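What follows is each chain in one-letter form.
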Amino acid sequence: MDQHQYRHALSAQLATSELAFPDAEFDTRLARVRAAMGQAGLDALLLTDPADIYYLTGYNTFEVSVHVCLVCSPERLVLQVPSIETGPAVVTARVDELLGYRWEGIGEVIEPLTETLAPFRAIGLDLYGPGLRHGIIRELQARLGVERFRDDGGELLDSVRIVKSEAELACLRESARITSLGLKAASRIVAAGMADSDVAAEGARAMLAAGSEFMSMQPIVTVGRRISVIHLNHQRHRIAPDDPVFLEFGAAYRRYTAPMMKTVVAGRASREMLVMRDVCRDLYETLIAQMRPGSTFDDAARAAQAVLEPHAERVFFSGVFGYAVGAQFPPSWVEGSGYIARGQQRLFEADMVFHLPLCLRIPGRWGIGISDTVMVTPEGGEPLTDNDWQLHECLAL
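Keep in mind it's a predicted model, so treat the numbers as computed, not measured.

Some remarks on the environment of Leu 347
- Counting through the fold element by element, Leu 347 comes out in the loop between strand E13 (334-340) and strand E14 (353-355).
- Those residues in contact with Leu 347 that lie beyond four places of it in its chain are Gly 294, Ser 295, Thr 296, Phe 297 and Met 352.

Description of the pattern of salt bridges
- One pass over the full model with this rule turns up 26 salt bridges.
- Between Glu 272 and Arg 314 there is a salt bridge, and its shortest N-O distance comes to 2.7 Å. Of this pair, Glu 272 sits in helix H10 (residues 271-290) while Arg 314 is found in the loop between helix H11 (297-308) and strand E12 (322-325), placing the two residues 42 residues apart along the sequence.
- Among the residues examined, Arg 314 registers a relative accessible area of 38% and is labelled partly exposed.
- Among the ionic contacts, a cluster of salt bridges with common partners joins Asp 52, Arg 161, Lys 164 and Glu 335.

Description of the packing of helix H3 (residues 50-57) against helix H7 (residues 153-161)
- Interhelical geometry of H3 versus H7 gives an angle of 55° and a closest axis separation of 11 Å. The orientation of H3 with respect to H7, classified from their angle, is oblique. Between H3 and H7 lies a crossing whose hand is left-handed. Residues Ala 51, Asp 52 and Tyr 55 of H3 lie in contact with H7, whose contacting residues are Leu 157, Val 160 and Arg 161.
- Its residues assigned to classes, the contact of H3 with H7 shows four nonpolar, no polar and two charged.

Thoughts on unusual backbone geometry
- With omega at 15°, the peptide bond leading from Pro 330 into Pro 331 counts as cis.
- Take Pro 331: it is sitting in the loop between E12 and E13.
- With a phi close to 55°, Thr 16 is a non-glycine residue in the positive phi region.
- By secondary structure assignment, the location of Thr 16 is in the loop between helix H1 (3-14) and helix H2 (23-40).
- A relative accessible area of 35% means that Thr 16 is categorised as partly exposed.
- A positive phi angle is found at Asp 242, which is not glycine, with a value near 70°.
- Among the secondary structure elements, Asp 242 is positioned in the loop between strand E7 (220-223) and strand E8 (244-249).

Quick word on the nonpolar core
- Grouped together as the largest cluster of nonpolar side chains are 37 residues, with contacts concentrated most on Phe 321, Ile 340, Phe 354, Leu 356, Leu 358 and Leu 360.
- Elements supplying a minimum of two residues to this core: H10, H11, strand E15 (358-362), strand E16 (366-370) and strand E17 (373-377).
- By residue number, the principal contributor to this core is H10, which donates eight residues.
- In contact with Ile 340, not counting residues within four places along its chain, are Leu 287, Met 291, Phe 297, Ala 300, Ala 301, Gly 319, Val 320, Phe 321, Gly 322, Phe 348, Phe 354 and Leu 356.
- Membership of the second largest hydrophobic core comes to 28 residues, among which are Leu 42, Tyr 59, Leu 70 and Cys 72.

What to know about the pairing of E8
- Within E8, six of the six residues are buried, which leaves it mostly tucked inside the rest of the structure.
- Of the two faces of E8, the one carrying Pro 244, Phe 246 and Glu 248 and the one carrying Val 245, Leu 247 and Phe 249 are both buried.
- Note that E7 and E8 share four bridges and pair antiparallel. By the bridge assignment for E8, Val 223 is matched with Val 245.
- Judged from the six bridges that link them, E8 and strand E11 (residues 260-265) form a sheet pairing that is antiparallel. Among the inter-strand pairings, Phe 246 is bridged to a residue of E11, identified as Thr 263.

Scoring rules and cut-offs
Residues numbered from 1 in each chain as written. Predicted model: local features only at pLDDT ≥ 70, side-chain atom pairs only at ≥ 80, totals over all residues. Heavy atoms only, no water. Helix = DSSP H or I, 4+ residues; strand = E, 2+ residues; numbered from the N terminus. Contact = heavy atoms within 4.5 Å. Salt bridge = Lys/Arg side-chain N within 4 Å of Asp/Glu carboxyl O. Buried < 20%, exposed > 50% of the residue type's maximum accessible area, 1.4 Å probe, protein only. Axes fitted to C-alpha atoms, helices over the stretch in contact; angles between N-to-C directions. Parallel < 35°, antiparallel > 145°, perpendicular 65-115°, else oblique. Left-handed = near helix turned anticlockwise from the far one by under 90°. Nonpolar A, V, L, I, M, F, W, Y, C, P; charged D, E, K, R; others polar. Core = buried A, V, L, I, M, F, W, Y, C linked by side-chain atoms within 4.5 Å. Pairing = 2+ DSSP bridges.

These values are about where atoms sit, not about what they do.
Laid out in structure tokens, this is it:
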């Protein structure tokens with residue numbers, strides 16, 4: 001049985017049997033994207049970001065390293081996948097046409113894709129998104145002409161995806177619930193002498209047991225001075241007495257992730273740690289007060305920066321006070337559609353959702369990180385996660 005026979009056999013039994021949302025949800029998403037395309041003067045979008053493709057079709061797989069693309073036009077959705085992705089394409093995606101190619105035959109991509117794109121004079125690309133392969137774009141441009149391709153496709157998708165529907169908010173709330181269970185389970189077992197990897201394992205176990213899918217990022221656990229180095233992860237390091245232990249988890253539910261950070265102490269928290277906890281909380285309160293329609297991302301960042309300023313000489317902060325979250329695939333849960341940072345002039349809109357990653361790091365010593373995932377409302381930011389914003393002390397009995 002070859003890939004084509006496999007596809008037809010599956011289609012007869014399981015076509016769209018694992019579609020993530022009702023047809024009406026996808027119809028609404030497509031209508032919004034197609035309206036934006038019309039306003040931008042685009043005849044088609046050529047999408048390669050797995051999350052963008054999922055957003056419009058439901059296509060869902062853990063294999064996101066291969067070439068997959070979606071051509072979205074006002075009339076049709078055409079999905080191109082390798083032979084090993086035939087199954088996920090049939091059972092999870094709602095499209096008008098499926099183009100297959102042999103997994104080992106990447107050269108087979110070009111001709112059918114050229115034929116699909118040939119009728120369109122203005123084709124939007126996401127030049128900064130994952131999955132866009134230079135070799136494929138080079139060949140398409142050689143055949144169709146460079147002038148047909150525009151670089152505003154990613155910006156267009158971002159402008160639509162950043163505002164969440166009720167169905168998306170429900171998924172984010174469920175992710176938040178599962179994330180919280182993982183953090184509570186991991187926090188309960190923290191003790192001096194344990195390995196950081198044991199804490200991560202307990203958190204992962206709890207989230208998977210509660211229903212998380214494969215996560216866009218694995219649980220993050222660092223201890224002591226390793227917290228001061230941004231984006232390290234657990235690596236069999238032992239927790240020393242009175243070490244802070246940094247936890248950042250994000251369960252996936254229908255690919256949606258609502259991350260949360262906590263810091264617990266394997267013993268007694270120092271006064272300096274408690275001060276940093278208070279700064280994180282002040283930053284959070286300042287941000288959620290600004291996160292209402294009419295304010296810009298820059299307004300919120302400047303207000304938070306004023307809170308951070310008295311500590312800026314001795315702590316490192318990334319400069320991004322929040323980033324949009326939604327549906328994503330490995331290697332990240334960051335949606336990429338918006339950032340609460342200086343210079344970002346986009347206005348907040350109701351039902352945008354951001355993770356506020358408030359971690360303050362003292363180089364070579366430790367760090368304190370606490371966060372929530374927050375929805376924009378007319379009254380300000382409303383947390384979807386349930387952080388208590390405490391620095392919990394795990395004292396030996």
